[in-house]
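Chain by chain, the residues:
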Amino acid sequence: MKKILLATTALVGFAGAASAEVSISGYAEMGIAGGNLGAVTQFFTDANVTFSMSGTTDGGLTFGAKVDLGSIPGNVGPGLTQGGETMYISGSFGKITMGDTDGALDWAAQEIYMGSAIADDHSSHAGAYWNSGLDGSAGGQIARYEYSFGSFAAAVSAEIDTSIANNDVFGVGVKYSGDFGGTKVGFGLGYQDNSVQSMYAVTANATMSNGIVINVGYADLDAQVIGANDTWAGIGVGYTTGALLVAANYGSYDVLGGPTVDGWGLVANYDLGGGAVVMAGYGTGDVAGGDEIGATYGSDESWSVGLGLSF
Amino acid sequence: MKKILLATTALVGFAGAASAEVSISGYAEMGIAGGNLGAVTQFFTDANVTFSMSGTTDGGLTFGAKVDLGSIPGNVGPGLTQGGETMYISGSFGKITMGDTDGALDWAAQEIYMGSAIADDHSSHAGAYWNSGLDGSAGGQIARYEYSFGSFAAAVSAEIDTSIANNDVFGVGVKYSGDFGGTKVGFGLGYQDNSVQSMYAVTANATMSNGIVINVGYADLDAQVIGANDTWAGIGVGYTTGALLVAANYGSYDVLGGPTVDGWGLVANYDLGGGAVVMAGYGTGDVAGGDEIGATYGSDESWSVGLGLSF
Amino acid sequence: MKKILLATTALVGFAGAASAEVSISGYAEMGIAGGNLGAVTQFFTDANVTFSMSGTTDGGLTFGAKVDLGSIPGNVGPGLTQGGETMYISGSFGKITMGDTDGALDWAAQEIYMGSAIADDHSSHAGAYWNSGLDGSAGGQIARYEYSFGSFAAAVSAEIDTSIANNDVFGVGVKYSGDFGGTKVGFGLGYQDNSVQSMYAVTANATMSNGIVINVGYADLDAQVIGANDTWAGIGVGYTTGALLVAANYGSYDVLGGPTVDGWGLVANYDLGGGAVVMAGYGTGDVAGGDEIGATYGSDESWSVGLGLSF
């Protein structure tokens, strides 16, 4: 079978500045995953291909779309149902992104997690939170407008509920990034409301010149996870030296005077160059104790070791 | 993640005239859709990627295939089931196309619709017809042979029924295109028969030098849509000036002395250049009245406004 | 819609020896398939697109992944479920392949089949065997390590059972290829065990300078197909002259003193150049007779004629 060989980072040539482009990238994982969450220690493999498309209008607006092999791009329920695709248009007015994209809360708040594990063990334990807010609660068809001004950026978002409940989700977020004597600092604040629940998340992160990164986050979840008035707090600390990244994180869901669900994760990445990274991850959920849910201390843990391959 | 940047219209280079090629194109839609057909006014997004492959034999025959990300290319029921793909081979003998392609009636008859709407509102109302004939009634695995001679082209097609009914569909079509003093004129005539039903469609279209286009169509449907001896007639009128296209259409299904189902649509497209087009569409089905089906006049209407993005 | 034209065999250019690449290839089939296995003689079409990705680490290890449009790349049951993808890493230590790949038995044993038919008639009759061994019996997530030394290569493989039965599959294989006075000769020997069944397969093949190829195979199947102590034996003979390949094969499943299930196949391929091949195939299963299963001699037969198109 004949083949087309394409080299990454190669811009093939184009008919003019306004030409549309399609960018193809791939990602694969191979290794071993285990822990008492799965039945047995097992081989772990995954692969995907992503198509990133972009263009420019005659008036200088840029636009694009992204879809991957695992998406469902069919125009199901004529285009009102989400299949994983996103698209955007941007210009001096700002940027509008639609589809399977972050609401303004998730856009503004930064995750506490660093590094990658093939089975995401370090970032998917019982205490993990991804600032997802109310995203996806109303069909997953999200529209977000964002605008940058100097070190600040702000966004508003909407997700229209098509059910009878009609609980449309609206969100607003703002974030800041700056440099203080070699330490890069970032802050994020996001808010979402669906007329039944209202949530906010606030995050801060610092990247020091010695390779240490500290991320912290706090979120008020309004009964989204473990009960009334639940909140989440987490911290992630990482260190990069040469090709090596090691990181740890801890997160806890709490209800005032009530139960707690927490967990922690560890990850190590070693970059082999050329797109290959050795990845090891561990995560455990501390689901037990006096004021905590469940009865078995640290009963759910998972780990994985393998390669992450980018093309 | 590393990326391959490919520019549209770039022919990368090839090993010889007989080399096979793969062409990648993308299309995305983003906007808002509403009307009483859907539950509520809602965001609308869609994206797809199409792979168009072609090659040439040593003897000068050209061949190709087309499949997209939303197709189901698996060899289900060993290749006898259709997943949306098409393939062809052509030469001086003509062209044979197989797969999810038009039968000879649809190939010969031209649609009355112009322009695009992200939710296809203008061309999917209750009175719309797409000259689909009996295509898809026998499994959807179609083979069509076509041949061109001067201003004329003709085609025959077959779709083999695998059910016990054994109602194979055969079709024949002919079309003409010419130029009369700056006005481009086209005619199409198609016929299909499955030994139970027999249908025909006749269409005519004129594209004037002042930017006005008129398309008309008539089809005898033989109880395919609303009853015995049903027919369809429609007209579409469009006007293009600079980057703007506006078009309207009307279509009606009728039974002699019986009910009528009709509808009309409007569409406006403004080309921003570089592949981005602003699209607005409206469609409504006039399903009511004395000799008409249903009781609520114009009860089903839909509209959409957004961007169509080609890559 | 704008398009990207890519020519096969074109290396677009790259940022350095360690750059990752994505190779795109396509395959399509069009024709007619029949025989009393299907209900009626019917059109047959199929198409697929394959993404082959590769890269090199700074230390000189090569790695890659392959996934196609028909795969299910979603990280189902986090990466523990197979969707058809494979990935590898190789270096002076050998090569490790994971995913939907051959176990060591299938890797070592060579199929007896030559040529292609659009519906695989010649190689999918009742007597056909593909040296699949126990592959897929434990979830299909396979890891294989292989190493070459001179004319020899060896492999070991594992497939971990996630069910309660816990019947992990382990395999070992060795193969040889050499040249004796212009005749290329190959041998393969593979063994697999899942603690309930143990299987082996042995194959030999010779490719003569006059265009004749002979492949033979024998496998002990340990009750995998038609009963206790079942075995399989087969032979394939092919002849290539210019653009034409013709081949025949015969295979038989036997139980000592018990029933027999056998079949034979014919195939002819004519290469039109540029990636297009005319393909005709026939297969029949001889499922009858005294010590054989069933009562109708040669009752299951299938045939197909068409084009295989590579891009």
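Keep in mind that this is a model prediction, so the values were computed, not measured.

Draft legend 1. Spotlight on the overall build of chain A. Regarding its fold elements, chain A presents one helix and 17 strands. The 311 residues of chain A split such that 51% are buried.

Draft legend 2. Representation of the environment of Ala 65 of chain A. Mapped onto the elements, Ala 65 of chain A comes out in strand β4 (residues 62–68). Accessibility expressed as a relative area gives 5% for Ala 65 of chain A, which makes it buried. Those residues in contact with Ala 65 of chain A that lie beyond four places of it in its chain are Phe 51, Ser 52, Met 53, Thr 86, Met 87 and Tyr 88 of chain A together with Ala 28 and Phe 311 of chain B.

Draft legend 3. Highlighting the packing of aromatic side chains. Per the stated rule, a full pass over the model turns up 33 aromatic pairs over all chains. For the ring pair Tyr 147 of chain B and Phe 149 of chain B, a centre distance of 6.2 Å and an interplane angle of 25° mean the geometry is stacked. Taking relative accessible area as the criterion, Phe 149 of chain B reaches 43% and is therefore assigned partly exposed. Ring centres of Phe 149 of chain C and Phe 152 of chain C lie 6.1 Å apart, and the angle between their planes is 10°; on these two criteria the pair is classed as stacked. Since its relative accessible area comes to 39%, Phe 152 of chain C is described here as partly exposed.

Draft legend 4. Focus on the environment of Gln 224 of chain A. All names here are of chain A. Structurally, Gln 224 is set in the loop between β12 (212–220) and β13 (230–241). Each C-alpha atom, one on Gln 224 and one on Phe 187, is 24 Å from the other, the two residues being 37 residues apart in sequence. If near-sequence neighbours (up to four positions away) are discounted, Gln 224 is found in contact with Gly 133, Leu 134, Gln 197, Met 199 and Asp 230. Within the local environment of Gln 224, its side chain forms a polar contact with the backbone oxygen of Gly 133, the two atoms lying 3.5 Å apart. Among the polar contacts made by the side chain of Gln 224, one reaches the side chain of Gln 197 at a distance of 2.9 Å.

Draft legend 5. Quick peek at unusual backbone geometry. The backbone of Asp 120 of chain B sits at a positive phi, close to 55°, despite the residue not being glycine. Examined against the element boundaries, Asp 120 of chain B turns out to sit in the loop between α1 (104–108) and β7 (142–149). On the basis of relative accessible area, Asp 120 of chain B is assigned to the partly exposed category, the value being 38%. Phi at Asn 131 of chain C is positive, roughly 55°, even though this residue is not glycine. Within the secondary structure, Asn 131 of chain C sits in the loop between α1 (104–108) and β7 (142–149).

Draft legend 6. Layout of the pairing of strand β11 (residues 198–207) of chain A. Residue and element names in this part refer to chain A. Looking at chain direction, strand β10 (residues 183–193) and β11 are connected through 10 bridges and run antiparallel. Looking at β11, one finds that Asp 193 is bridged to Ser 198. Linking β10 to β11, which pair antiparallel, is a turn of four residues; within it Ser 195 sits at a positive phi near 75°. Of the pairings in the sheet, the one linking β11 to β12 comprises eight bridges and is antiparallel in character. The residue of β12 that forms the bridge with Thr 203 is Gly 217. Between β11 and β12, which follow one another and run antiparallel, lie four residues, and Gly 211 among them has a positive phi close to 100°.

Draft legend 7. Region of interest: the pattern of salt bridges. All names here are of chain B. Scanning all chains against the criterion turns up three salt bridges over all chains. Its salt-bridge partner being Glu 146, residue Arg 144 comes within 2.9 Å of it at the nearest N-O pair. Since its relative accessible area comes to 17%, Glu 146 is described here as buried.

Draft legend 8. Spotlight on the side chain of Glu 111 of chain B. Residues and elements named next belong to chain B. Inspection of the secondary structure puts Glu 111 in the loop between α1 and β7. Lys 175 provides the closest opposite charge to the buried, unpaired Glu 111, separated from it by 9.4 Å. Within the local environment of Glu 111, its side chain forms a polar contact with the side chain of Asn 131, the two groups lying 3.0 Å apart. When residues no more than four places from it in sequence are discounted, the contact partners of Glu 111 are Asp 106, Tyr 129, Trp 130, Asn 131 and Asn 215.

Draft legend 9. Molecular detail of the side chain of Thr 50 of chain C. All names here are of chain C. Following the sequence through the fold, Thr 50 ends up in strand β3 (residues 42–56). Classification of Thr 50 as buried rests on a relative accessible area of 16%. Residue contacts for Thr 50: discarding those within four places in its chain leaves Ser 23, Ile 24, Ser 25, Lys 66, Val 67 and Asp 68.

Draft legend 10. View of the pairing of strand β2 (residues 21–34) of chain A. All names here are of chain A. Extensive coverage of β2 is indicated by the burial of 12 of its 14 residues. Relative to strand β3 (residues 42–56), β2 runs antiparallel, the two being bridged by 13 bridges. Bridge pairing links Ser 23 to Ser 52 in β3. In terms of strand pairing, β2 meets strand β17 (residues 300–310) through eight bridges, oriented antiparallel. Within β17, the position partnered with Gly 34 by the bridge is Trp 303.

Draft legend 11. A look at the confidence of the model for chain A. Residues and elements named next belong to chain A. For chain A, per-residue confidence averages 85 on the pLDDT scale, and 84% of positions sit at 70 or higher. Low confidence marks residues 1–18, where pLDDT is under 50. Its contacts with residues over four positions away, or in another chain, come to 76 contacts. Between residues 73–78, whose pLDDT stays under 50, and residues either more than four places distant or in other chains, the model counts 12 contacts. Across the whole predicted complex the pTM is 0.89, and at the interface the ipTM reaches 0.86.

Draft legend 12. Looking closely at the environment of Ala 138 of chain C. All names here are of chain C. Looking at the secondary structure, you find Ala 138 in the loop between α1 and β7. The buried category is assigned to Ala 138, whose relative accessible area is 2%. On a C-alpha basis, the gap between Ala 138 and Asp 168 in space is 6.6 Å, while along the polypeptide they are 30 residues apart. Leaving out residues up to four positions away in the same chain, Ala 138 has contacts with Glu 159, Ile 160, Asp 161, Asn 167 and Val 169.

Conventions adopted
Residues numbered from 1 in each chain as written. Chains lettered and ligands numbered in written order. Predicted model: local features only at pLDDT ≥ 70, side-chain atom pairs only at ≥ 80, totals over all residues. Heavy atoms only, no water. Helix = DSSP H or I, 4+ residues; strand = E, 2+ residues; numbered from the N terminus. Buried < 20%, exposed > 50% of the residue type's maximum accessible area, 1.4 Å probe, protein only. Contact = heavy atoms within 4.5 Å. Phe/Tyr/Trp six-rings, centres within 6.5 Å; stacked < 30°, edge-to-face > 60°. Polar contact = N/O pair within 3.5 Å; in protein donor to acceptor, adjacent residues only side chain to side chain. Pairing = 2+ DSSP bridges. Salt bridge = Lys/Arg side-chain N within 4 Å of Asp/Glu carboxyl O. Lys, Arg positive; Asp, Glu negative; His and termini not counted. pLDDT = per-residue confidence, 0-100.

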